[in-house]
Each structure stands twice: as structure tokens, then as C-alpha cells.
Number of protein chains: 2
Amino acid sequence: MESTAYTKRLLTYRLSLSHLKEVGLTDVFSYLIAGETGISAALVRKDLAQLKVKGKRRGGYEIDVILDAINNYFGDNTINRVVLAGMGNIGRAIVNYKNFENRRIKIVAAFDLDPAKQRKKYDVPVYPMEKCPDIVDKYRVNVAVIAVPAFSAQTVCDRLIQCGIRGIMNFAPVNLKVPDHVYISNVRLCDELQQVIYHSTKTNQ
Amino acid sequence: MESTAYTKRLLTYRLSLSHLKEVGLTDVFSYLIAGETGISAALVRKDLAQLKVKGKRRGGYEIDVILDAINNYFGDNTINRVVLAGMGNIGRAIVNYKNFENRRIKIVAAFDLDPAKQRKKYDVPVYPMEKCPDIVDKYRVNVAVIAVPAFSAQTVCDRLIQCGIRGIMNFAPVNLKVPDHVYISNVRLCDELQQVIYHSTKTNQ
DNA sequence: GGTATATTGTGACAATTTTCACAATTTAAA
DNA sequence: TTTAAATTGTGAAAATTGTCACAATATACC
């Protein structure tokens, strides 16, 4: 119960449902969500059942009910504060990324070794890594984004965890070693693109 | 056979093995890879067996043999050309991302509506979207990265496919609709981070 | 009101994926 | 040379995940 795949599907549903809502719909059928997301209608229904969302036979599901259930599942009622390590290409893109706001995700501070970047004005204050304990403590942060170069990723990771971080989104191409209580999600841009390349050459015709 | 999960694990192995090689190792045991990647030793062995890599009982596997097999599996002998749509935050980060080179992935051109961005000098030439057919044709490109805003993603996607693109890495928070012969990988930064937040609050104590 | 139709909800089943356990085999050491 | 130890390779079992099919039921229409 409650596998990562399930959690991921919920987020996929939310995306499509938000879209359908904007377009003016208020109710949906499982097969409509299926068509929109590529997930089978039966699985959609099972997921919604697990979420405790009830549909009406022949009437479908109310979009708002599903959305509320999903948002509630993810605890979207509180603001989620995040710190970021590494203001390189990816770090800056993340800091400027607008969509986080809708999800009540807020990047409260960034860390970077480079003093020039600390002085420069970004949308988020940039501190030296030494400030990490203070910041994490002050803002009650649990989650960090690692966007530093591969060679320093493990060190940065260790320091973050020492400061109390328990969830990490990692962009560095490294298999980070973390204690059991820390959840880690690796975003491997290279690997992702490589898989696309691989599968696109495999597709028939 | 040959599930996406398997393909993904191969890339994970490659990452760890490259690292172990740099550190000076030439041979590994399955349990060593397991410790490095978090994938169970038995599964590592099964994957290597499927890859047709042979180990020596009591002697382990040769790192170079595994790496060659993986690189060969992904067809790393040819240069993989990719185009990018959307020179916003993420698009620029992708264009500047250095790691693609090691994988023989080359971003040959980018597209953006904004004429200012077309004039500006990036590491990659920026064209208006109309040039898409020419460029894709000229460079024999199969794969594209979509980094445009959500509202225009489907339109851009359709045009790319019309030009012959058959693999897409999509950063726009949209469930794109594509024909069967097109492979799509969605990189949902928001969702990814949201999952980290979710799991990090769930972890015990 | 009655009947046909559409859709949910779910138990049984199928498929896939992973783990387990151990025989086979190699190497090292005694 | 024999024995002990370590590690692969793999068939069988377990677990997980998703699909199928259909009863239950609500709705719409005649």
C-alpha cells in the first residue's frame, strides 16, 4: 500500500485534473482521467478508492473532491520550506522556477561557496555553506535541493543531513549515501535524456 | 524483459562503476555494487546476466567489461543530437549543462519565440520555431527537450513530432498527448520535490 | 414508472519484478 | 593436494503491481 508509483500517479492525476478544471469541467469519469494521463481506467478507480474518494455510479467523480483529497494527502495546507545548495546553472533555474509557488513550496535560502554569488542579488539570499545550521534551524527546513558539482555532492549532502535535513532532491550525478531516515530523489538529467534517446531509437518504424 | 526499471538500473550501475573506476578499482562484486547503488546484490547479478556480462565465481566482475556492455546497450558509439524548445530558466540550464558531453549527447539547436534570445549568444544557436523542420532535417535529430511554459507545450510538442521527433524529455507541467511511436519522459520538478517533501515528513522520527 | 444504458467498485486473475536460497565453481590457504 | 571460504548464476517462491470482468447501482429517457 502506498507505493511510490501510487504517489506519483496521484500527482499525475492532479496535473490533468487542474487542467480539466481550468477548461471548465467539474466532473470526470475514470476513463476520462485515463485518456488524459495514460493510466488505465481501472487503476484510476482503484487509486481513487484508496484515496477514499467516492464516485457516483454513472455520474463519475467530482474534480474538486479529488483535488482536495490529493492536496490533503500531500499536506498542501502548510508552506513547505526548502533550501538549495549550489547556485550553478541548475540551482539558478530552480530558484527562478515559478511553479513551486502554486504548490506552496518556498525556497528560503541558497548556499554557494562563491562569494561573488553571495553578493549578487537573486530571488533568494545566498549564503556560504557555514550558515547552513543557522538557516535550517531558523526557518525550520526539512528538505534540500542539491545542485552542486558531482565531486562535492556527498560532502554537501552530509552537512545538510547534519543540520537536520531529511529529504533531498539531488541533481548531482552521484549515488549519494544517506542514513535510513533520509529520503532521497535523484534527478539525473543525463540518464533521463539517455533513456529517451534509447527508447526513441527502439520504437518501431 | 528489458523494462524501463531495468534500463534505469543500468544507468545507476554505470554511475557507480565510473566512480569506483576513478577511485582505482578494476573489479567488483555484486554486493559492492549493491552497497553503492541500493539495489540488491541478487538483482544486480540478474541484471548483469541479462546484459550478458559474465563474472568469475569468487572473482567478481570486471568494471570495464560491465561499462562497455552498458555503453554498448545504449549505443554510445554514435553522437546523439538533440534539439531544445524554450530558452527560459530551464532551457538555459540544459544548454549549459556540461555532463551531456561525456555521454555523447549534443544539443545542436534551440528554439524560442523571443527574437531577443535569438540574437543573444548562447552556447547553442537559437532559432524561431519555424526553423524547426529545417534544423531537425539538417542535423538528423530524433530527440527533443521541451522547456517551454505549460500553456504552449502541447503546441510545441505537436510541431516537433510533425518534424519527425520521436523522443521527448518534457519539463512542462503538462500531460502531453503524443502518438504511440513517440516516447516521452516527463521531468516534473514540482512533483519530484513534492514527493520528497511528502516522504520526508512521513519518515519516522 | 419501467427499461436501457453508463459507470463505479472490487474480487479474482495475470503478469511482472524481486528476493531467497543454494548448487556450482573458483580461489586461497593449509 | 586437500580443504575451506567466497562468490556467481539461477530456479523456485514471494511480493508487488496492474488488468479484467462483471455485479451493483445510479441516471436518463421513453
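Source: prediction; values computed, not measured.

1. Some details on the pattern of salt bridges
Throughout the structure, instances matching the rule amount to eight salt bridges over all chains. In this structure, Lys-98 of chain A engages Asp-123 of chain A in a salt bridge whose closest nitrogen and oxygen atoms are separated by 3.7 Å. Taken as a pair, Lys-98 of chain A in the loop between helix H5 (89-96) and strand S4 (105-111) and Asp-123 of chain A in the loop between helix H6 (115-119) and strand S5 (126-127) lie far apart in primary sequence, 25 residues in all. Notably, a salt bridge pairs Asp-64 of chain B with Lys-21 of chain B, separated by 2.9 Å at the nearest N-O pair.

2. Quick look at the interface of chain A and chain B
Contacts between chain A and chain B engage 59 residues on the former and 59 residues on the latter. Summed over both partners, the interface of chain A with chain B comes to about 5700 Å²; 63% of that surface belongs to carbon and sulfur atoms. The tally of links between chain A and chain B comes to two salt bridges. A salt bridge links Glu-36 of chain A to Lys-177 of chain B; the shortest N-O distance between them is 3.3 Å. Inspection of the region where chain A meets chain B yields 15 residue pairs in polar contact (both at pLDDT 80 or more). Secondary structure elements with two or more residues in the side of chain A that touches chain B: helix H1 (4-23), helix H2 (30-37), strand S3 (80-85), H5, strand S6 (143-146), strand S7 (167-170), strand S8 (183-186) and helix H9 (189-202) of chain A. With twelve residues, the single largest contributor to the side of chain A that touches chain B is H9 of chain A. Grouping the constituent residues of the side of chain A that touches chain B by class yields 26 nonpolar, 21 polar and twelve charged.

3. Structural notes on the sheet that holds strand S7 (residues 167-170) of chain B
All names here are of chain B. Here we have six strands laid out as an open sheet, ordered S5-S4-S3-S6-S7-S8, and parallel in their pairing. Strands with a single pairing partner mark the edges of an open sheet, and in this sheet they are strand S5 (126-127) and strand S8 (183-186). When strand S3 (residues 80-85) meets strand S6 (residues 143-146), the two strands line up parallel, connected through four bridges. Residue pairing for S6: Leu-84 is matched across the bridge by Val-145.

The rules behind the values
Residues numbered from 1 in each chain as written. Chains lettered and ligands numbered in written order. Predicted model: local features only at pLDDT ≥ 70, side-chain atom pairs only at ≥ 80, totals over all residues. Heavy atoms only, no water. Salt bridge = Lys/Arg side-chain N within 4 Å of Asp/Glu carboxyl O. Helix = DSSP H or I, 4+ residues; strand = E, 2+ residues; numbered from the N terminus. Contact = heavy atoms within 4.5 Å. Buried area = accessible area lost by both parts, 1.4 Å probe. Polar contact = N/O pair within 3.5 Å; in protein donor to acceptor, adjacent residues only side chain to side chain. Nonpolar A, V, L, I, M, F, W, Y, C, P; charged D, E, K, R; others polar. Pairing = 2+ DSSP bridges.

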